Structure formats: C-alpha cells, structure tokens
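# Per-entry structural report
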Amino acid sequence: MPSLWTPPNWPQRLAELQAPTGELKEAPLRRDVRSLGMLLGEVLREQAGQPVFEAVEELRQTAIAYREGAAGVSARALSSKPRPTPADPLQYAQRCVEGFSESSAYQLARAFGFYFELINLAETNHRKRRRLSSQLDPDAEPQRGSLRGALRQMRLAGVTAPDARALLEKICITPVFTAHPTEVARRVVMFKRRRISDLLEQLDRIPVPDAQLEALEQNVIAEITALWQTDEVRQSRPSVRDEIRMALDYYESSIFDTMPVLYSEVAGALADEYSIETPLADLPQLVSFGSWIGGDRDGNPFVTPEVTREALSMARSLVLTHYRRRLQNIFDQLAPSTRIVAVSHELTLLLDTYLQQLRNAGQSVFENRIPYESARLLVGCIMMRLGGPPHISVPLPEEPALKPYSRVADLISDLSILRNSLLRNQGRRLAAMLIDPLLLEVRTYGLHLQTLDIRQHARVHSAAIAEISQTAGTVTNTLPPALSPQTSEVLSTFRAVAELKRAFVPESLPRYIISGATSAEDILNVIRLARLGGVRVEGCGGPAGCPDSSDPGLQPVPLFESIEDLQHGATIMRTLWSSDVYKPLLESWNYQQEVMLGYSDSNKDGGMISSTWEIWKAHRALHDAARECGVTLRLFHGRGGTVGRGGGPTHRAIFAQPMDSFSGELRITEQGEVLNWKYSDVVLAERNLELMIAASLDAIARPDAALQHQQGSEPYVPHLTGEILPEWESALDQISATSYDFYRKHIAEDPETFTYFEQATPVAELEHARIGSRPAKRTDASAQRKRSMEDLRAIPWVFGWMQSRHVVPAYFGVGYALEHFIQNNNAASQPDQSAREAANLAQLQSMTRNFPLFLDIIRNVEMGLAKADFSVARLYSDLVEDKALRDRVFATLHSEFELTCRMVLAVLGQSALLETNTVLEHSIRLRNPYVDPMSLIQVELLRRKRAILATGAQASPELDRAITATINGISAGLRNTG
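Residues numbered from 1 in each chain as written. Predicted model: local features only at pLDDT ≥ 70, side-chain atom pairs only at ≥ 80, totals over all residues. Heavy atoms only, no water.

## What about empty space enclosed by the protein?
Our working rule: Note on definitions: the grid is 1 Å and covers protein atoms alone; a cavity is a set of points where a 1.4 Å probe fits but cannot get out; a pocket is an open set with protein on both sides within 12 Å along at least five of seven lines; lining residues have an atom within 4 Å of a point. Grid points are joined across faces, edges and corners, and a volume is the space filled by probe spheres set on the points. The way it works is that DSSP assigns letters per residue, a run of H or I at least four long becomes a helix, a run of E at least two long becomes a strand, and they are numbered from the N terminus.
Counting across every chain of the model gives seven cavities of 30 Å³ or more. Of the volumes computed, that of the second largest cavity is approximately 80 Å³. Lining the second largest cavity we find Ile244, Ala247, Leu248, Ser291, Ile293, Ala311, Leu312, Ala315, His448, Gln450, Thr451 and Leu452. At the level of secondary structure, the elements contributing two or more residues to the lining of the second largest cavity comprise α10 (240-274), α11 (305-333) and β3 (451-452).

Shown next, in the form of structure tokens:
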C-alpha cells in the first residue's frame, strides 16, 4: 500500500517546494496535516478503542458544523448508530460532553490535544520548508526582515561599505531564556516531538523510494503510538533544575549548530550586497545568550544558592563538552606534518610550553604518539585545558597536568595562534572550515555559555535594608545577630554571588534585576546589600581597574513594570546617573547601563495600548536622559509569548523602536512557552536570530528614512521609517489616556471583574497543571494583598483569559479608545461631526499605514481578537455563581470585544480579521474545531469539581488529571499558556 506521502510524480513535489505563492505553496502543509490526522485516527482506534475514536469524530464534526454555521453535523456517517441532527451544534456538543465519565473525558482531551501536537509539528515543518524555498531562487528579491534585505536597503540609501560594517559592529542581540511561563510539555514528550519532526523532514526529501516512504510512515505511526502511551501530564511540578535542563536542551538540539550557519549567512549577505569578503572569525559578535532560570528569585522560593550554582555548573559543563567535541573533530581532521608544511613560530613556542608542562608531570606519551603534527598536538593540549584529552589509540591521563582555562581570552588566544599558523602556511581553507566556526562560538559562549541574571523584587530589598538599619542603627559592614528568614535569604544570595564569581568565570554573573523598581533608592539598596554580602559591584573600567580584568562587577538593572513607573523611569535614572555616589560605579562600567522595561505587568496594569505606548515613550525618554548624562544605554525588553504579555512578532517590535533611541544592543526575554517554536531546529533558530539582527540593523541605520528624505516629497509623511509626526504623538497620547481610564475602571479597579475572572476561568487549576516551578502568586514580603489583581502575576492573568477564550488582555480598552478618538478628537478642522469623524478615522488609517508602532499595536490586537471566541466564553461565564455579576461583567467584556473588532477593521480597512494574514487565519480556522470540544470538556469538568468542593469533599485525582489534560490541549491548540 503506498504511503500517504507518495506523490503522483516527483516533479509536482518539487514544484510545491518552489512555489512562491498560492495553493501549490500550501499543498505540502495540507498533506502533512491530513496524513498525520489519519495516522492519529489509526492509533486512537488501536490504543483507545473504537468508541473513543467515534466520540472524537462526533465532537469534531459537530464543532465543524458550529464553526461553519451549518444546521447539523456532517452528512457523512460517523458509525453504524444513527446520529441526531442538532439545531444548535454547540449546545448538542455540550449535552454530549455532560454524559462523559472522567476517564472518557480524559481520553477525549488527550486525543484532541494530540491532534494539536501533530498540527504544530506540521506547521513548524512547513516553516522550515518555506525557508528552504526562499533560498532556492538566487534572483529573488531579498525579503524585508532578512539580513540581505536590510543591507540592500542600506546600500540603496547610500550607506557605504565601511559604514555598513561599522553599523554591523554595533549590533548584539541577546535572547534571555526564562522559564515563566514554561513549556507545557514534559521533556520526554519534547524528545518524541523532535523525532516526529525529523521524520517529517525526511518525508520531504526529493526523491524518496516508495519502500522508504512506507518505512518512514510506519516510523511516524510508531512515534505517535509512543507519544500516546506516554503520560503527558507531569506527576509533580517541575523543579528549577528540570527547567534549567529543558532550556539547555535547545543548545544541543539547535543553537550550537545554528551559529556557524547564521554567521555564514551574514558573511554571504555582506559579500552579495557590498562585495565584502569576510572570514567567519573576523565578523563582529552579533549574538550572545542569557538566562533567568536558576537566578530568578522573584516569588520563587525554590531558587536557592545551591540551585544557582547548579545552573552555572550545568551551563559550563555543557559548553566545555561542546568545545571538546568540536576540537575532537578538528583533532581527527587536522594533521599537517611539519615535515611537509611549516608552522608559525608563535605556535611552536606555545606548544613547547604545554609539552614541557606535560613532561614535567611525566605525561609525554601524547607527544611521542604524534611527534611531527604540531597543530594537532596543540589541539590536544587545548582539549586538555578544557577538561579532557583527545581520543586517540593510546591511553592518556584522565587529568592531564595542564591548568584549566580561567579566562576565555586565553582560549581565544590559543585558537587564534593555531588559526594564524594555518593562514601563513597554505592552510587558509582548513582555517575557514575548522577553526573559524569554533572561534566565533567561543566568542559567543565564552567559558560560561550564557550569562545568568539574578532577580528579586525591590520590596524584598527595602524590607531587608529596613530590618538591618532598625537592628544595627545603620547599614554597615557589621550585621545584627538575628535576622528574619527573608532578610537572611537576601544576604545569602549576595554571599552566593560573591562566591560563585570566584568559582566560575565572573562574567557569568554580571547583573542583578530589580523587579518593581520605583525609585533610585531601590537601585542603591541593591548596591548596599551586595557590598554587605561581599560582592564587588564595580566593574573593570575606569582608572582603578580590578585584579581580574574579566570581572564586569554586578550592575543593578531596574525593571520598570507599572504604567506609573514607566512614566517616571527616565527621571529616576537621570537622578541616579547624576549622583556623586553612582558616578564612580558608572565609570567602572565604562559608562554603560542596562534598564529593563516590563511588558506583562504594564499590560495587566493599564491595558494593551497604554502599556505599549508608555513603554515606547519610556524608551525614548531613557535614551534622552542617557545622552544628557553621557551614558550608553542598553534596554532589556521583558516581552512575553502572548500578545497580552507584550508578545507578537519580535522583529516588527524591534523596528518599531523610537528613532535615535537605540544603541544597537538589546536583550529580550524568550519565554519558555515559545522556545520550542523558535529554537527547536537549526532552520528555525537561524531564521529567528537573523530576524532580530536584521531588525536591529534596520532600526539603527533607518535606510527608509534616508531614502524618503532624499526624495523630498511635500508634505512629508514618513512611511514606516520609525519617525513620528506631532499629530501622531498627540493622537496616541489621547488614545492611551482614554484606554487607560476605561481599563482601570472596568478591569483593574473593579472587584467584580476579579471575582468573574476567578470563577469564569480555570486559573485556580494552574497549580494542578504543574506548568512551572514558580508559584502563581507571590508569598513573600512583596505581596500586598491576597485574592486581588495586585497580588496576581501577569502569567496566570493571561493564562485564565486565554484558556476561556475571553483573551481580555489582548484588546480590552482598545475599541473604546479608538471610537472615542474618532468621535471626540477636535483637531480636525472640519465643519460638522460626520466630517470630523471621517477625518479622525483617516488619521488613524494613515498612522496604521505609516507608523510602525501603531501598526504593531493594531496587528497584535487583531491577532488577539482572532483567537478570542465569545460563544465559548459564554459557556465559561455560566460557571460564575452570582448571575447578576456574571451578566454585568460578561456584557462589558463582550461589548468591548465587538467594539474593538469593528474599530480595528475600520482602521485597517478590512472586512474580516486576519484578511491579510492568511497563514494565521488558516491555522486558527483549522484548530478551532479541535479547541472547541476541549473547551466544552473543560467547562463540564470545572463544573463537576466545584460542585464537589462545595460539599466540603476533595476532587479525585482522576478529575484533576482530566482537567489538566484539557489545559495542556487548549494551550497546544492556541499555542499559548500565559
């Protein structure tokens, strides 16, 4: 029997891959989805039985009928039993779900969840497929968002080759991996996903013999079976160590292999656009990596000094093992004999030093084994300094007498000596193939792989300072005899930082993030506490220097999160940078300062538009203050995965930064829930990093602005250059203020909304889902009140609204503010109300076409609206006990949802959501018939559990397990947790 992937002919398969647009382009995705769905059906019948398969099919067809607005389910017979034809498919499906046992509900939720797992893999494979397709046509115009596209625009704008190279040297993007919200799937499930993904990629090859296609298909069925037999629900909450390991997995699965590919793309783009031929080792460092996992203490009592040590140790072990693997490959391939080709004098001197140390320790067997292969001998010595000898046919000591590297500069120096020797002695190609990729990796990862940020809340520091001052009279180097557990933990953290900076390379712990910073005092408190803990805060810049020239010190990084704090951030930093106390520290850090902007909490505090606009203004104001104070500012963007937490396309957000307010360096959080989407594969990781580099280059060079100014059109309306006109800024000020007031009134300051949220969403079940190690609420001194929005974290806030399909954080306040601006803005000099409204709408439409930030806002809101569904949300609202409260809050939310839909469509000039984003529209339409049944099951199970709890009894583990299965499935279907 032919495989489901067997094509009618192989030229057609090639045509699909090469198709730039249209139905043919999407045909492979449809084939993958259809085939995987059929295989899943086969596995369901085999593993769960025919009744489960039939129930899945009936719910799916009913959901399709509901989505299509049909009068009944599909006419196709689903089984031998007659099926009723429901007048309301959603109500019919709800009645079906009410009859399921907890065991059946669990099986059904798993089945639908597994379908999403497979759809996600198919879509990811299609992204890789389209990436390859874009590279097949050498005559195709480079895409905007690619590095070639950015360099092409710069060249057209008159940027010279030296200037292009100088701008590129300013760029360094740092993805910072965080665990919150973490990936829903267990680590073992992720490994199974990757195997299926690999099989899908093999099925894409051209040509593949029929027998091999059939064998690959059987392997896919086997992997789906293995996945079905694996418990996807964690039996316990993941530990911080589990989260550390899960993030580190991405280095081995993709990132290590991505770096050479990425830099080869950079070198190729420079050569194509500017005829600059640059070896990989001579390219500027464009990427570094960071992590919060194991260092983020804010509200997570499980992050201890021991955990932080383990995070550093695991990262160091991984990167040194990786270097040794690379060097073993070089050792196996690079064997030039000094009897044939010379080596440099520098290499000879360095090698003699190492060999003498080995001789002194009685370890000369290595030298005797390959006496004429100096380059190879040096590679072996470098491996020994990295923790292990090379694999050769003679035994070598497990612990060779060569001192381990303590500074990455020494490793780079040794590799550079080897490289230069090859370059001088007819080994240019060998250096390019073997040494250059390793050199750029060493520059990227150092001896620590990634920096680890320590984070704690400002109120915890304030409480510690107050306690120490009250007990000791003042903050001195002498501590009082007894301290509270919280203050003791704060000081033990700083002591651990001091010790770990000595045990590991000091640049692995360069900064301390201060959550909830509201004043300059919050930053100075960290400096006081760090010194009490024995941490050297000062860096190595300035005339004083430091004993270890690689120690960057410990820079406090304020995180401005609320709307109010974003508005005051520039004033706070200007005060700090101007103070005599802080200036010597700035000098020691080479007048460089990092500041973090919080997207999640500002959105929860003031809504989508206010959050985005206030962050943009804070960004600009902070750079203005930095210029005044002679400081080079690097911003750290705390973006979430979902739109409601500052998510959305990263490259679009980078380009939307204010003009003249970007140094070229930025750090950006990569949430655990999106790591698989961005870094599960070399092709995806390379594309994601390239997008960030290209957007950063675009944002610092602004070639479009230069081109449009050269054209000199009047009146000048900048088109997507990042420039902002005064009337646009005034409009956004008005819209933001209106949205903020409306959001605060109906969401943040309305206790009924919080009550509704707790009862109409599954937020209380987050604990059972065991999604991450960190508790959903703060329990330390930074917590102000219980059971309130102030105490609730942004992640569960977005999680609850997303699961219940309300998706409130993505749009609430937007529609009201846009309509209010259209109806009430008097800036337009028009004689009557209707003309003024038309002019105001035209202004918003112009802003959408021409101002990147406003376009980003509107498109992200559109995405959130497309994922919401108030027919499903209505079912969740029935869980609210107080009917009058339920109706009031639901009516408010629904009204704003519908108003926002109308306003967004009017501003975009569209008749339907996602009209210009057919890929996402198709993905959501494909998923809805599978998300809907899980929502129905979840609502029914929540109703049952609450009825049990109302009697004073405890819910069964089976019920909690079934609810968790719906949470995981809906998260996979919507591709969001929180």
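Next, the rest of the story.
## Points about the environment of Trp797
Using the following cut-off: Every residue pair with non-hydrogen atoms within 4.5 Å of one another is taken to be in contact.
Inspection of the secondary structure assignment puts Trp797 in helix α31 (residues 794-803). Taking C-alpha positions, Trp797 is 22 Å from Ala458, a pair spaced 339 residues apart along the chain. The residues contacting Trp797, other than those within four sequence positions of it, are Lys604, Tyr743, Ile747, Phe757, Met789, Leu792 and Pro809.

## Some thoughts on the pairing of strand β7 (residues 592-598)
The line we're drawing: Residue exposure (1.4 Å probe, protein chains only): buried if accessible area is under 20% of the type maximum, exposed if over 50%, otherwise partly exposed. Should DSSP find at least two bridges between two strands, the strands are taken to pair.
Of all the seven residues making up β7, six are buried; the element is thus mostly covered by neighbouring parts of the structure. Pairing analysis gives two bridges linking strand β6 (residues 555-560) to β7, with the strands arranged parallel. Bridge assignment links Leu559 to a residue of β7, and that residue is Met596.

## Here's the deal with the sheet that holds strand β8 (residues 632-638)
Strand order in the open sheet made by the nine strands is β3-β2-β1-β9-β8-β7-β6-β5-β4, with parallel pairing throughout. The open sheet terminates on both sides in strands that have one partner only, identified here as β3 and β4 (454-457). Pairing of strand β1 (residues 172-177) with strand β2 (residues 290-291), which is carried by two bridges, proceeds in the parallel orientation. Within the sheet, the bridge partner assigned to Val176 lies in β2 and is Gly290.

## Section: the nonpolar core
Under the convention used in this document: Residues belong to a common nonpolar core when they are buried Ala, Val, Leu, Ile, Met, Phe, Trp, Tyr or Cys residues joined through side-chain atoms within 4.5 Å.
One finds Tyr251, Val287, Tyr445, Tyr582 and Leu697 to be the most contacted residues of the largest nonpolar core, which totals 155 residues. Looking at this core element by element, the count peaks at 17 residues for α10. Each residue touching Leu697, except ones within four places of it in the same chain, is listed here: Leu147, Ala150, Leu151, Met154, Leu167, Leu168, Ile171 and Arg702. Core analysis: the second largest hydrophobic core is formed by 127 residues, Leu732, Tyr743, Val798 and Leu974 among them.

## What to know about the pattern of salt bridges
Put simply, the rule reads: Salt bridge, as used here: a side-chain nitrogen of Lys or Arg that lies within 4 Å of a carboxyl oxygen of Asp or Glu.
Applying the stated criterion across every chain, the model contains 65 salt bridges. With a closest N to O distance of 2.8 Å, Asp932 and Arg67 form a salt bridge. Taken as a pair, Asp932 in helix α37 (residues 918-950) and Arg67 in helix α3 (residues 50-68) lie far apart in primary sequence, 865 residues in all. Under the relative-accessibility criterion, Arg67 is labelled partly exposed at 30%.

## Here we look at the confidence of the model for the protein chain
Heads up, the condition is: As a per-residue measure, pLDDT tells how confident the predictor is, with possible values from 0 to 100.
When the pLDDT values of the protein chain are averaged, the result is 89; 91% of them are 70 or greater. Contacts of residues 70-85 to residues separated by more than four positions or lying in other chains number 26 contacts, the stretch itself having pLDDT below 50. A low-confidence stretch, residues 781-785 (pLDDT under 50), is modelled with 11 contacts involving residues beyond four sequence positions or located in other chains.

## A closer look at the layout of surface pockets
For the record, the criterion: Each residue is assigned to one class: nonpolar for Ala, Val, Leu, Ile, Met, Phe, Trp, Tyr, Cys and Pro, charged for Asp, Glu, Lys and Arg, and polar for all the others, Gly among them.
In this model, the second largest pocket occupies a volume close to 1200 Å³. Those elements that place two or more of their residues in the lining of the second largest pocket are β1, α15 (408-424), α16 (428-445), β6, β7, β8 and β9 (665-670). The class makeup of the residues in the lining of the second largest pocket is 13 nonpolar, 19 polar and nine charged.

## Focus on the pairing of β9
Across the six residues of β9, five count as buried, placing the element largely inside the fold. Relative to β9, β8 runs parallel, the two sharing three bridges. From the neighbouring strand, His637 faces β9, where its bridge partner is Ile668.

## A word on helix α20 (residues 563-578)
As a reminder, the rule being used: Helix span, expected: 1.5 Å multiplied by one less than the number of residues in the helix. A residue's bend is the angle separating two fitted axes: one through the seven residues that end there, the other through the seven that start there.
Look at α20: 24 Å from first C-alpha to last across 16 residues, which is about the 22 Å you get at 1.5 Å a residue. The largest bend in α20 amounts to roughly 45 degrees and is located at Gly569. Along α20, the residues that are buried comprise Ile563, Asp565, Leu566, Gly569, Ala570, Ile572, Met573, Leu576 and Trp577.

## Some points on unusual backbone geometry
The omega angle of the peptide bond from Ile206 to Pro207 is -15 degrees, so this bond is cis rather than trans. Inspection of the secondary structure puts Pro207 in the loop between α8 (187-203) and α9 (210-228). The phi torsion at Leu720 lies on the positive side, around 55 degrees, for a residue other than glycine. Secondary-structure assignment places Leu720 in the loop between α27 (703-711) and α28 (726-748). Under the relative-accessibility criterion, Leu720 is labelled partly exposed at 24%. In this structure, Arg805 takes a positive phi of about 70 degrees despite not being glycine. Looking at the element boundaries, Arg805 is found in the loop between α31 and α32 (814-824).

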